[in-house]
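Remarks on the overall topology
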Amino acid sequence: MSSNDRFSPLIARVAEAGDRTAFAELFDHFAPRLKAYLVRLGSEPSLAEELTQEVMITLWRKAHLFDSQRATASTWLFRIARNRRIDALRRDRSGLIDQEDPSLRPAAPEDQDDELDARLREDRVRKAMASLPEEQADLIRRAFFAGLSHSQISEETGLPLGTVKSRIRLAFARLRRVLEADEAIDID
């Protein structure tokens, strides 16, 4: 089962029974990623937080509209996030909207082969992450999935900044060795 497949049943549980535990798992996984994505698109952190909340509310209220045959859970949620951002930009009456902004154009349909490759790569990276000691895996998750800086991680964990940096470096070295040993992954 690919990692994306594990989210579809959770969305189904939310749709069918209003399962709060399934929603909490989806929220914990997707909220930080959605916020980081929206910030990367140029949203202010406070707006990104607000839009992320809107996306998660949409998930809760409209889970029944999700069709796992048409998209993965992550594709569906990130598309909702992108559309919410566009709506927010259009509502902004300050005149700062650049109508030629490429992020306002509809996304090209995803190539099924690319999506399958991405899923396989993601599964292998998850397996490689599982081989890390928990203290290194936690720092990698905070840095790359939650989008925190090394300084923010240091503040949150109480670890010295140098320790955070060295553990992340060690984790990358270990991940690289594991992934290079996996013949199915093209590192280049």
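The following refers to the structure shown. What you see is a predicted model; the values in this text were computed from it and never measured. (Residues numbered from 1 in each chain as written. Predicted model: local features only at pLDDT ≥ 70, side-chain atom pairs only at ≥ 80, totals over all residues. Heavy atoms only, no water.)

Right, let's get into the packing of aromatic side chains. Under the definition given, this model contains five aromatic pairs. Between F23 and F27 the ring centres are 6.1 Å apart and the planes differ by 45°, which places this aromatic pair in the tilted class. Here F23 pairs with F27, and both are found in helix α2 (residues 20-40), just four residues apart, close to one helical turn. Arranged with centres 5.2 Å apart and planes meeting at 50°, the rings of F66 and W76 form a pair that is tilted. Of this pair, F66 sits in the loop between α3 (45-62) and α4 (73-91) while W76 is found in helix α4, placing the two residues ten residues apart along the sequence. Each member of the pair, F66 as well as W76, is classed as buried. (Phe/Tyr/Trp six-rings, centres within 6.5 Å; stacked < 30°, edge-to-face > 60°. Helix = DSSP H or I, 4+ residues; strand = E, 2+ residues; numbered from the N terminus. Buried < 20%, exposed > 50% of the residue type's maximum accessible area, 1.4 Å probe, protein only.)

Time to look at helix α1 (residues 7-17). Listed as buried for α1 are F7, S8, L10, I11 and V14. Taken around the axis of α1, the buried residues stretch over an arc of 160°, which confines them to a single face. Those residues of α1 that are exposed and angled more than 90 degrees off the buried face are E16 and A17. Those residues of α1 that are buried are in contact with α2, α3 and α4. Following α1 by one or two positions, G18 has its phi on the positive side, about 60°. (Arc of directions from axis to C-beta. Contact = heavy atoms within 4.5 Å.)

By themselves, these are just geometric observations and shouldn't be taken as functional.
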